[in-house]
Amino acid sequence: MDSEAPPKSVTLTLDGTNKSITLPLIQGTMGPPVADIRKLYAGLDIFTFDPGYGGTAACESKITYIDGDAGVLLHRGYPIEQLAMQSTFLEVAHLLLNGELPNAAQKVEFDDGVMRHTMLHEQIRSIYQGFRRDAHPMAVMCGVVGALSAFYHDSLDINNPEHRRISAFRLIAKVPTIAAWAYKYTIGQPFMYPRNDLGYAENFLYMMNAVPAEPYHVNPVLARAMDRIMILHADHEQNASTATVRLSGSTGANPFACIAAGIASLWGPAHGGANEAVLKMLAEIGTVENVKPFLDQVKDKDSHSRLMGFGHRVYKNFDPRAKILQATCHEVLAELGIKNDPMLELAVELEKIALHDEYFIKRKLYPNVDFYSGIILKAMGIPTSMFTALFAVSRTVGWISQWKEMMEDPSQRIGRPRQIYTGATTRDYVGIDARG
Ligand code: SDX
C-alpha cells in the first residue's frame, strides 16, 4: 500500500534572511512526532518559548502514554481500564518500575520486598512531635519524606543501581505509614504500626482506622476499592509533580528529597489538591438549585473561580480515570449501604449540566481524576484533608519509576530551562542622593 512516508524533518527559516535550519523529527512508538530543537539556538540564535510546556517534550519515556483527544491512558502499553479492574497496585508498581507485569514468582518477591520496608525508624516518630496538631497532612508528608534522607545514608548513591532499588522500595513501602501517621497525629490517636500480613491498600486503611485498644478488620470491598483508587493515581506521564521530581533528580539530589519536592508540587489545587477542592466546592454549592448560579460565577472571569475536578492540560475528552472512579463510587456507596448520597447526586447533576453547557463544551472541559475521587474517599471515612496525601501515596510509585528511568538514561543531564528577558536593559548604578 502506497502510504505517504511521514516527514523526517522540519525546516525553519528566519524571515528576511537566508538563514534556516533543518531539525530532525523524532517519532515515538505512539503519539505525535517531536521536533528535536537542541541545535536551534546554535543554528539560528533563537530560543523557543512555551510557558507551561503545553507543547514541549522534556524527556523520552516508556512508562505512560496519554492520548488526550481520545481519552486513552496506557501504562507500559496496558490500558488503565484493564489494570484498574484486573490488576493490583503493587503489580502496577512492578510494571511501572520494571517495564513488565510480574510472573507469579516475581510478584511474591516484589510484594514481600515492599512490605518488608513498611516500618519507620523510631526516631521519625519524634519528627511528628515538631508539628502542630492541626498541620495539614501534606505539610507533614513534605517534611517527613524529605527527612528520610537523614536516615538512609547507606543508600544515597544515586549512581548505584542497588541504592536506587532499595530507595524505591523504602519510599513505596513507607509513604502509606507516613501518611496514616500524619492523620493519626492530627486527631491525637496513637500511631498504628504497619501489619505486613495485610495487602498494601488494606494496610493503609488499617493504619488509618485501627486503634490499639481493639481489633480492626478492614472491609475487603473497601480495601479493593482503595487498591483500585491507588492504581488510578499511580502515574500520569509528565504532569507538574512528576516534572518536578525529574528536574530535582537531574541535579543529582537523592530520591527522598526528589519525592518530597514532588509532594510539594502535587499539593497545589490546580494539581493534586483538586480532590480536596472538589469536596469544598460541592459543599459550597450545597444543592442542585445552586448549580446554575455557581456555573454562571465560574464563567465570569472576574470571579476567579473554577469548576474544580474539571478540565485538564492533556485530556480534551473524558479522563478515563474519572469514568472508572464514577463507577467505583456507586460500588462503594452500595457496599456501605449509602443510598442517595447528596454529595454524589450533586456531583452527577453538576457534571450533567456542565457537559451540556457551551462554555465547557467549547473549552473541552470534562471531569478529571479528581472529580469523583473525593466523594468515594469521603464515603470511606477518609477526611478531606487526607485526600491529596493519599494521591501522594499512590503517585510515589510513578514518581520513583520516572526518576529511575531518568537516572538510567545515559543521555540525562541537568534540567535548565531558558527564558525570554523583558526587564530593564543595561544601565549604570545611581547613588541614593541622585535618585528621584
Ligand atoms: C490533575 O497533568 C496531569 O496529568 C495532572 C493529573 C495527574 O494525574 O497528574 O491528571 C492530576 O492535576 C488533574 C487536574 C486537577 N485540577 C483541577 O481539577 C483544577 C481545575 N482545573 C483547572 O484549573 C485546569 O483545567 C487545569 C489546571 C487542570 C488545566 O489548565 P490549563 O491546561 O492551563 O487550561 P487553561 O487554564 O489554559 O484553561 C483553558 C480555558 C481557560 O478559559 P479561556 O481563558 O480560554 O476563556 O479553560 C478554562 C480557562 O479559564 N478552564 C476552566 C477550567 N479549566 C480550564 N474554566 C472553569 N473551570 C475549570 N476547571
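The sections below set out a description of the structure shown in this document. Not measured: the values here are computed from a predicted model. (Residues numbered from 1 in each chain as written. Predicted model: local features only at pLDDT ≥ 70, side-chain atom pairs only at ≥ 80, totals over all residues. Heavy atoms only, no water.)

Looking at the overall build of the chain
- What the chain contains, in helices and strands, is 18 helices and six strands.
- The C-alpha radius of gyration of the chain comes to 24 Å, within 12% of the 22 Å expected for a compact globule of 436 residues.
- Taken along its principal axes, the extent of the C-alpha atoms in the chain is 80 × 80 × 60 Å.
- By the burial criterion, 45% of the 436 residues in the chain qualify as buried.
- Of all intrachain contacts in the chain linking residues separated by at least 6 positions in sequence, the fraction that spans at least 24 positions is 70%.
- On the chain, roughly 22,200 Å² of surface is accessible, and the fraction owed to carbon and sulfur atoms is 55%.
- Mean positive and mean negative side-chain charge positions of the chain (42 and 47 charges, respectively) differ by 4 Å. (Helix = DSSP H or I, 4+ residues; strand = E, 2+ residues; numbered from the N terminus. Rg over C-alpha atoms; globule rule 2.2 N^0.38 Å. Buried < 20%, exposed > 50% of the residue type's maximum accessible area, 1.4 Å probe, protein only. Contact = heavy atoms within 4.5 Å. Areas by Shrake-Rupley, 256 points an atom, 1.4 Å probe, with all protein chains shown as cover. Lys, Arg positive; Asp, Glu negative; His and termini not counted. Charge placed at Lys NZ, Arg CZ, Asp CG, Glu CD.)

Observations concerning the packing of helix α14 (residues 320-335) against helix α15 (residues 342-355)
- Interaxial distance between α14 and α15 falls to 12 Å at its minimum, and their mutual angle equals 160 degrees. Viewed along their axes, α14 and α15 adopt a mutual orientation that is roughly antiparallel. Crossing of α14 against α15: the hand is left-handed. Listed contacts from α15 to Q326, C329, H330 and L333 of α14 are L344, V348 and E351. (Axes fitted to C-alpha atoms, helices over the stretch in contact; angles between N-to-C directions. Parallel < 35°, antiparallel > 145°, perpendicular 65-115°, else oblique. Left-handed = near helix turned anticlockwise from the far one by under 90°.)

Points about the site of the ligand
- Contacts to the ligand come from 24 residues, most closely from H236, H312, R313, R321 and R395.
- Between the ligand and the protein, one listed contact pairs an oxygen atom with a side-chain N or O atom of K301 at 2.8 Å.
- Here L307 contributes a backbone N or O atom positioned 2.8 Å from a nitrogen atom of the ligand.
- For the ligand, whose free accessible area comes to 1,100 Å², the fraction covered by protein is 76%.
- Per-class residue counts for the shell around the ligand are 10 nonpolar, seven polar and seven charged. (Near = heavy atom within 4 Å. Polar contact = N/O pair within 3.5 Å; in protein donor to acceptor, adjacent residues only side chain to side chain. Nonpolar A, V, L, I, M, F, W, Y, C, P; charged D, E, K, R; others polar.)

Description of unusual backbone geometry
- In this model, Y53 sits at a positive phi of 55 degrees, which is unusual for a non-glycine residue.
- Its identity is not glycine, yet E237 carries a phi of approximately 65 degrees, on the positive side.
- A relative accessible area of 25% means that E237 is categorised as partly exposed.

Structural notes on the pairing of strand β4 (residues 64-67)
- Burial of β4 is one-sided: the residues T64 and I66 facing one way are buried, the residues Y65 and D67 facing the other way are not.
- In the sheet, β4 pairs with strand β5 (residues 72-75) via four bridges, with the strands oriented antiparallel. Looking at β5, one finds that I66 is bridged to L73.
- Where β4 hands over to β5, the hairpin turn is made up of four residues, of which G71 adopts a positive phi near 65 degrees. (Pairing = 2+ DSSP bridges.)

Quick look at the environment of R164
- With respect to the helices and strands, the residue R164 is situated in helix α7 (residues 161-187).
- The exposure class assigned to R164 is buried, which follows from its relative accessible area of 11%.

Examining the pairing of β5
- As defined by bridge partners, β5 adjoins strand β6 (residues 78-79) across two bridges and the pair is classed as antiparallel. Considered in β6, the bridge of H75 is made with Y78.
- Between the end of β5 and the start of β6, which pair antiparallel, lie two residues, with R76 showing a positive phi angle near 50 degrees.

Here we look at helix α8 (residues 200-209)
- Burial analysis of α8 places eight of its 10 residues in the buried class, the great majority of the element.
- Listed as buried for α8 are Y200, A201, N203, F204, L205, Y206, M207 and M208.

Here's the deal with the sheet that holds strand β1 (residues 9-13)
- An order of β1-β2-β3 is seen for the three strands of this open sheet, with the pairing classed as antiparallel. Strand pairing shows two members of the sheet lacking a second neighbour, β1 and β3 (34-35), which therefore form its edges.
- Where β1 and strand β2 (residues 20-26) come together, five bridges link them in antiparallel fashion. Note on β2: the bridge partner recorded for L12 is I21.

Some details on the nonpolar core
- Y128 and F204 are the most contacted members of the largest nonpolar core, which has 120 residues in total.
- If one sorts the elements of this core by residue count, α7 sits on top with 13 residues. (Core = buried A, V, L, I, M, F, W, Y, C linked by side-chain atoms within 4.5 Å.)

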